[in-house]
Amino acid sequence: MLLCAGEALIDMLPRKTEGGEAGFAPYPGGSVFNTAVAAARLGVKTGFFSGLSTDLFGERLAAVLTAAGVDSTLAARSDRPTTLAFVTLTEGQASYAFYDENTAGRMLSEADLPELPDHVTAVFFGGISLAVEPCAEGYATLVARAGTDRLVMLDPNIRPGFIADEPRFRARMDRMLAAADVVKISDEDLEWLMGEGALADRAAALLAKGPALILVTEGAEGVTAYGAGDPLRVPAQKVDVVDTVGAGDTFNAGFLAGLADAGAMDKASVRAGLSAEVLEAALTLGVRAAAVTVSRAGANPPRRDELA
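Each chain has its residues counted from 1, running along the sequence as written. For this predicted model, a pLDDT threshold of at least 70 governs which residues receive local features, and a threshold of 80 or more governs which side-chain atom pairs are given and counted, while totals over whole chains, interfaces and linings are taken from all residues. Hydrogens and waters are ignored; side-chain quantities use all the structure's heavy atoms.

Some points on the nonpolar core
Taken as a class, soluble globular proteins show a tendency for nonpolar side chains to be buried jointly. Here is the rule we go by: Put simply, buried Ala, Val, Leu, Ile, Met, Phe, Trp, Tyr and Cys residues joined by side-chain atoms within 4.5 Å make one nonpolar core. Residue exposure (1.4 Å probe, protein chains only): buried if accessible area is under 20% of the type maximum, exposed if over 50%, otherwise partly exposed. Any two residues whose heavy atoms approach within 4.5 Å are treated as being in contact.
By size, the foremost hydrophobic cluster in this structure holds 51 residues, and its most contacted members are Leu 2, Phe 48, Leu 215, Phe 255 and Leu 283. Once you skip the residues sitting within four places of it in the chain, Leu 2 turns out to touch Ala 39, Val 44, Lys 45, Thr 46, Gly 47, Ala 122, Val 123, Phe 124, Leu 256 and Met 265. Ala 5, Met 173, Met 176 and Ile 214 belong to the second-largest nonpolar core, a separate cluster that totals 45 residues.

Some points on the environment of Leu 52
What counts is decided by this rule: Segments assigned H or I by DSSP are reported as helices when at least four residues long, segments assigned E as strands when at least two residues long, and all are numbered from the N terminus.
Its location among the elements puts Leu 52 in strand S5 (residues 51–53). Take Leu 52: its relative accessible area is 2%, and that puts it in the buried class. The spatial distance from the C-alpha of Leu 52 to the C-alpha of Ala 8 is 7.1 Å, given a sequence separation of 44 residues. In this structure Leu 52 touches Ala 8, Gly 58, Leu 61, Ala 62, Ala 75, Ala 76, Arg 77, Ser 78 and Ala 104, once residues within four positions along its chain are discounted.

Examining the environment of Ala 39
Structurally, Ala 39 is set in helix H1 (residues 31–41). Here the alpha-carbon distance between Ala 39 and Pro 302, two residues 263 residues apart in the chain, equals 9.4 Å. Ignoring sequence-local partners within four residues, the contact set of Ala 39 consists of Leu 2, Val 44, Thr 46 and Ala 253.

As for the pairing of strand S3 (residues 22–29)
Let me state the cut-off plainly: DSSP-based pairing: two strands are paired if at least 2 bridges between them are found.
Sheet analysis places strand S2 (residues 9–16) next to S3, joined by eight bridges and oriented antiparallel. Looking at the pairing, Ile 10 lines up with Pro 28 of S3. Between S2 and S3, which pair antiparallel in sequence order, lie five residues; one of them, Gly 20, sits at a positive phi of approximately 85 degrees.

Considering the sheet that holds strand S10 (residues 151–155)
The condition that has to hold: In this analysis, axes come from line fits to C-alpha atoms, helices being fitted only over the stretch in contact, and the angle between any two N-to-C directions falls in the range 0 to 180 degrees.
In spatial order, the strands read S4-S1-S9-S10-S11-S12-S13-S14; together these eight strands make up an open sheet with mixed pairing. The sheet terminates laterally at strand S4 (46–49) and strand S14 (232–234), the two strands that pair on one side only. In this sheet, neighbouring strand axes are inclined to one another by 20 degrees on average, regardless of whether the strands run parallel or antiparallel. Relative to strand S11 (residues 182–186), S10 is paired through two bridges, and the arrangement is parallel.

Description of the pairing of strand S13 (residues 223–226)
Here S13 shows a buried face lined by Val 223 and Ala 225 and a second buried face lined by Thr 224 and Tyr 226. As paired strands, strand S12 (residues 213–217) and S13 are joined by four bridges and run antiparallel to one another. Paired with Val 216 across the two strands is Thr 224, which belongs to S13. As paired elements, S13 and S14 share three bridges and run antiparallel to each other. Residue pairing in the sheet places Thr 224 in a bridge with Arg 233 of S14. The turn joining S13 and S14, which pair antiparallel and follow one another in sequence, is formed by five residues.

Digging into unusual backbone geometry
Residue Pro 134 follows Glu 133 across a cis peptide bond; omega there is 10 degrees. By the element assignment, Pro 134 lies in the loop between strand S9 (122–126) and helix H3 (135–146). Positive phi outside glycine occurs at Asn 102, with the angle close to 60 degrees. With respect to the helices and strands, the residue Asn 102 is situated in the loop between strand S8 (93–99) and S9.

Here's the deal with the packing of H3 against helix H4 (residues 166–179)
Selection rule: Angle categories are assigned with fixed cut-offs, so that under 35 degrees is roughly parallel, over 145 is roughly antiparallel, 65 to 115 is roughly perpendicular, and the rest are oblique. By the definition used in this description, the sense in which the near helix is turned from the far one sets the handedness, with an anticlockwise turn below a right angle giving left-handed and a clockwise turn giving right-handed. Polarity classes work like this: nonpolar for Ala, Val, Leu, Ile, Met, Phe, Trp, Tyr, Cys and Pro, charged for Asp, Glu, Lys and Arg, and polar for all others, with Gly in that last group.
In the contact formed by H3 and H4, the axes pass within 9 Å of each other and the chain directions differ by 20 degrees. Relative to H4, the element H3 lies roughly parallel. You can see that H3 and H4 cross each other, and the crossing is left-handed. Taken together, the residues of H4 that come into contact with H3 (itself represented by Ala 136, Glu 137, Tyr 139, Ala 140, Val 143 and Ala 144) are Arg 168, Arg 172, Arg 175, Met 176 and Ala 179. Looking at the contact of H3 with H4 residue by residue, the classes come out as seven nonpolar, no polar and four charged.

In structure tokens:
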């Protein structure tokens, strides 16, 4: 089973009221929440761990997970409020204003971490949960625990505005990178993390921190995988973009689903080195799934039969 660990929140998406006024409508979201839903829709047995509220929005998030077939029994439930993210769109690109103080997700602590069941073979981490405290320290601890014998995929999804203490963040991220097997990172986040330079050189420097595989996404240009062999690039699919909410999250799910299809969603398979055929198929599934998501409003990842 794949366990997705990270934030669940409500995206307040811009909409027009019946009277023509500008407004916002609540949609379940959050980077890791989106990945969990997307993975389950693609046929992967999936669980979800986060700090999840028992309030109105938290119950809605839990209901969406259940409807998608995601097991949320490991989630740490509390009566703290749900994080809200108000979204604005400029030419299809999303920007966010977060309301996250003292929320169920933000206040997650190491005491809330679950014991990982034996049937969990892979754990995915990402999103703003890796930047804000105290939850970031909890997730870093869980990465270290999972990384001993389970596949760990990490998406730093760096948002500088959330990083209150950059040296502390970088030190924690280095610990997580050392325990990760697969890292998906955008070209912009790679530059923030590793500095300027040729893409291949920065990817190599990131590989040297511990991962076996680096997946660098470049938006409409596609994704390139860097590992022990030659780099492998898969171009993005051309679609009419409605918005980009959930695009990277869906790619993550598609990639992991591709590994699951090949019986390779485990630490040993990735560390031994994926064949070019398996790697290309997983990257392609991620790209195809992300293309569907960006072609419709909000984070609404596809089901497997929509990719036929």
